[in-house]
Amino acid sequence: MRIFEVKDRGEGTILSLLHIWESSVRATHLFLSEQEIARIKKYVPQAVGFYGHMGFRTYRRSETDEQGGPYPILYMKRT
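Predicted model only: the values in this text are computed from it and were never measured.

A. Quick look at the packing of helix α1 (residues 11-28) against helix α3 (residues 45-53). Viewed as axis vectors pointing N to C, α1 and α3 meet at an angle of 150 degrees, and their least axial separation amounts to 9 Å. With respect to α3, the axis of α1 lies roughly antiparallel. Crossing of α1 over α3 shows left-handed handedness. Counting all contacts with α1, which are made through Glu11, Ile14, Leu17 and Leu18, the residues of α3 involved are Gln46, Ala47 and Phe50. In the contact of α1 with α3, the residues fall into 5 nonpolar, 1 polar and 1 charged.

B. Region of interest: the pattern of salt bridges. By the definition in use, this model includes 3 salt bridges. Of the charged contacts in the structure, one is a salt bridge between arginine 26 and glutamate 22, with a shortest N-O distance of 2.8 Å. Taken together, the residues span about one helical turn, with arginine 26 and glutamate 22 both in helix α1 at a distance of 4 residues. The exposure class assigned to arginine 26 is partly exposed, which follows from its relative accessible area of 34%. Here arginine 26 ties to glutamate 34 by a salt bridge, and the two come within 2.6 Å at their closest N and O atoms. Put simply, Glu22, Arg26 and Glu34 are held in one network by salt bridges that share partners.

C. Just the packing of aromatic side chains, in detail. Per the stated rule, a full pass over the model turns up 3 aromatic pairs. The interplanar angle of 70 degrees and the centroid separation of 5.4 Å between the aromatic rings of phenylalanine 50 and tyrosine 51 together place this pair among those described as edge-to-face. With a relative accessible area of 14%, phenylalanine 50 lands in the buried category. The interplanar angle of 90 degrees and the centroid separation of 5.7 Å between the aromatic rings of tyrosine 51 and phenylalanine 56 together place this pair among those described as edge-to-face. On the basis of relative accessibility, which here comes to 38%, the residue tyrosine 51 falls in the partly exposed class. An aromatic cluster is built from Phe50, Tyr51 and Phe56, whose rings are joined through pairwise contacts.

D. Representation of the environment of valine 48. Take valine 48: it is sitting in helix α3. Look at valine 48 and you get partly exposed, because its relative accessible area is 24%. Sequence separation between valine 48 and threonine 28 is 20 residues; the distance between their C-alpha atoms is 23 Å. In contact with valine 48, other than residues within four places in its own chain, are Lys42, Tyr43, Leu74 and Met76.

Rules behind the numbers
Residues numbered from 1 in each chain as written. Predicted model: local features only at pLDDT ≥ 70, side-chain atom pairs only at ≥ 80, totals over all residues. Heavy atoms only, no water. Axes fitted to C-alpha atoms, helices over the stretch in contact; angles between N-to-C directions. Helix = DSSP H or I, 4+ residues; strand = E, 2+ residues; numbered from the N terminus. Parallel < 35°, antiparallel > 145°, perpendicular 65-115°, else oblique. Left-handed = near helix turned anticlockwise from the far one by under 90°. Contact = heavy atoms within 4.5 Å. Nonpolar A, V, L, I, M, F, W, Y, C, P; charged D, E, K, R; others polar. Salt bridge = Lys/Arg side-chain N within 4 Å of Asp/Glu carboxyl O. Buried < 20%, exposed > 50% of the residue type's maximum accessible area, 1.4 Å probe, protein only. Phe/Tyr/Trp six-rings, centres within 6.5 Å; stacked < 30°, edge-to-face > 60°.

Given below as structure tokens:
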């Protein structure tokens, strides 16, 4: 495995990283449903950074999802 530091944090780079993450999760986490992947995808740090860059800010946080699962929810809105 090779680890690289990402210096370019532009929108294209962030979207590419998110695509790589999602492809990896789908290939290795067969036990996750589509709904779980969609929820988790929202909280990948790059995704949160991307939304922050696009003008969104977190106004509320929940430690669990709507079903009580251990998936923190960030509620964001554009400022």
